[in-house]
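# Geometric and topological summary
Here is what each chain is made of, one letter per residue.
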Amino acid sequence: GAQSKPAAHSPRITTVSDEGDKIRAAATTAILHRAGVQAAKREELQGNPFAGSQMLDIAKASLARAGVSTDGMMQTAIVNASFTQSGSDFPIILENTMHKALQAGYATSALTWNQFCATGSVSDFREHKRYRLGSFGNLDTVNELGEFTNKSIPDAERSGITAGTKGNIINLSRQAIINDDLSAFVGLAAMLGKAAARSVEADVYALLALNAGLGPTMGDGNTLFHATHGNIGTGAAISVASIDADRVLMAQQKDVSANDFLDLRPAVLLLPIGLGGTARSINTDQYDPDTPNKLQKSNIARGLYSAIVDSPRLSGTRRYSFASPSDAPVLEVVFLDGNSTPYIETERGFEVDGVRYKIRLDYGVGAIDYRGAVTNAGV
């Protein structure tokens with residue numbers, strides 16, 4: 001070794017894509033592009049052997065790759081063989097296409113819940129506890145030659161949240177493949193993706209709407225927003241003064257043991273769509289827009305909120321101020337094993353002449369604490 005010279009270049013191992021993976025990816029890209037679900041880049045279509053191909057053409061190509069000749073075969077026989085023939089990658093291509101269409105529909109949905117809700121993960125469908133620790137009181141005075149006294153361990157609060165399953169099944173028939181009806185399955189998958197996203201959004205707002213907008217009943221027997229919880233502001237129309245009053249109310253919340261102020265600050269304002277313009281004006285104007293005679297009085301609520309969420313899912317005049325979910329979560333959406341996107345499973349039909357796709361999303365919505373939010377009924 002002492003007599004040898006170091007190699008000029010260290011050896012490198014380069015991992016390349018499997019040819020079958022490339023073919024399946026090219027077919028999936030071509031189908032999604034033709035269906036209008038996911039536009040492909042020019043370089044992705046150049047040299048793509050499936051660009052412009054119909055579904056039946058892709059089924060034939062899959063059989064050819066598996067060593068099966070389609071000469072003289074009827075269209076229905078080609079489709080049947082593409083699903084049943086060992087080595088055919090046609091079922092994989094369809095599942096990949098459905099999955100990407102599903103994900104695209106889910107990702108492009110306009111969601112608001114993630115701006116004021118925390119996101120968590122659970123490992124199963126049992127109830128999972130969320131604990132909030134208490135605090136010690138101030139240290140006790142010790143007189144000269146006096147004894148130190150024991151401090152009691154503070155109690156903790158807990159709430160629970162549970163995940164469930166929602167989903168549907170869609171069928172892909174042989175006729176849809178032969179007719180090259182992309183909307184019959186690719187379009188439906190994208191629509192189901194949007195439906196999955198909308199389900200989470202709707203469940204969050206439905207939880208908030210319980211008990212006339214005061215939210216669900218907590219473990220202490222009171223609603224999320226309750227006088228006992230100290231998070232209901234005096235009803236007032238949205239203005240600089242009333243927004244500031246809501247801020248003060250939130251800052252006065254104390255920890256579980258009531259030993260210290262949490263001093264939380266609002267970060268997200270949630271309110272009906274009709275109040276969104278006024279809310280943004282209050283949050284951005286340099287001067288108080290409510291000042292009589294238009295005097296230039298500084299806007300003390302300017303920049304208070306990092307996000308204004310106005311939603312048509314809310315009606316009336318009630319508004320909600322939330323602290324940042326990372327600082328003081330109030331509502332939480334949990335997903336099984338952290339999988340926040342829908343999952344798709346495939347089953348070849350026997351009673352149904354085609355393929356069945358099951359789409360599911362495992363999640364749960366719950367209220368875990370009341371301290372990080374304030375509501376005002378408005379007028």
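Here goes a summary of the coordinates provided. (Residues numbered from 1 in each chain as written. Predicted model: local features only at pLDDT ≥ 70, side-chain atom pairs only at ≥ 80, totals over all residues. Heavy atoms only, no water.)

This part takes up the overall build of the protein chain. Counting its secondary structure elements, the protein chain contains 11 helices and 11 strands. The C-alpha atoms of the protein chain give 29 Å as radius of gyration, which overshoots the globular expectation for 379 residues (21 Å, by more than 25%). Taken along its principal axes, the extent of the C-alpha atoms in the protein chain is 100 × 75 × 50 Å. Residues classed as buried in the protein chain amount to 42% of the 379 residues present. Summarising the internal contacts of the protein chain: among those between residues at least 6 apart in sequence, 72% fall at separations of at least 24. For the protein chain, the accessible surface area stands at approximately 20800 Å², while carbon and sulfur atoms represent 50% of it. (Helix = DSSP H or I, 4+ residues; strand = E, 2+ residues; numbered from the N terminus. Rg over C-alpha atoms; globule rule 2.2 N^0.38 Å. Buried < 20%, exposed > 50% of the residue type's maximum accessible area, 1.4 Å probe, protein only. Contact = heavy atoms within 4.5 Å. Areas by Shrake-Rupley, 256 points an atom, 1.4 Å probe, with all protein chains shown as cover.)

Evaluated as defined, the whole model comprises seven aromatic pairs. Through a chain of ring-to-ring contacts, three or more aromatic side chains come together here, namely F116, Y205, F225, Y320 and F322. One residue, K254, lies across the ring of F261, its end atom 4.9 Å from the ring centre. (Phe/Tyr/Trp six-rings, centres within 6.5 Å; stacked < 30°, edge-to-face > 60°. Lys NZ or Arg CZ within 6 Å of the ring centre and 35° of its normal.)

Interhelical geometry of helix α1 (residues 19-35) versus helix α5 (residues 90-107) gives an angle of 50° and a closest axis separation of 9 Å. Looking at the two axes, α1 sits oblique to α5. At the point where α1 passes α5, the crossing takes the right-handed sense. Residue-level inspection shows R24, A27, T28, I31 and L32 of α1 in contact with α5, the latter providing I92, I93, N96, T97, K100 and A101. A per-class count over the contact of α1 with α5 returns six nonpolar, three polar and two charged. (Axes fitted to C-alpha atoms, helices over the stretch in contact; angles between N-to-C directions. Parallel < 35°, antiparallel > 145°, perpendicular 65-115°, else oblique. Left-handed = near helix turned anticlockwise from the far one by under 90°. Nonpolar A, V, L, I, M, F, W, Y, C, P; charged D, E, K, R; others polar.)

Along the chain, Q253 falls in the loop between α10 (240-251) and β5 (268-272). The exposure class assigned to Q253 is buried, which follows from its relative accessible area of 6%. Here the side chain of Q253 touches G230 through a polar contact of 3.3 Å, landing on its backbone oxygen. Contacts of Q253, omitting those with residues within four sequence positions, involve H229, G230, N231, D260, F261, L262, D263, Y370 and R371. (Polar contact = N/O pair within 3.5 Å; in protein donor to acceptor, adjacent residues only side chain to side chain.)

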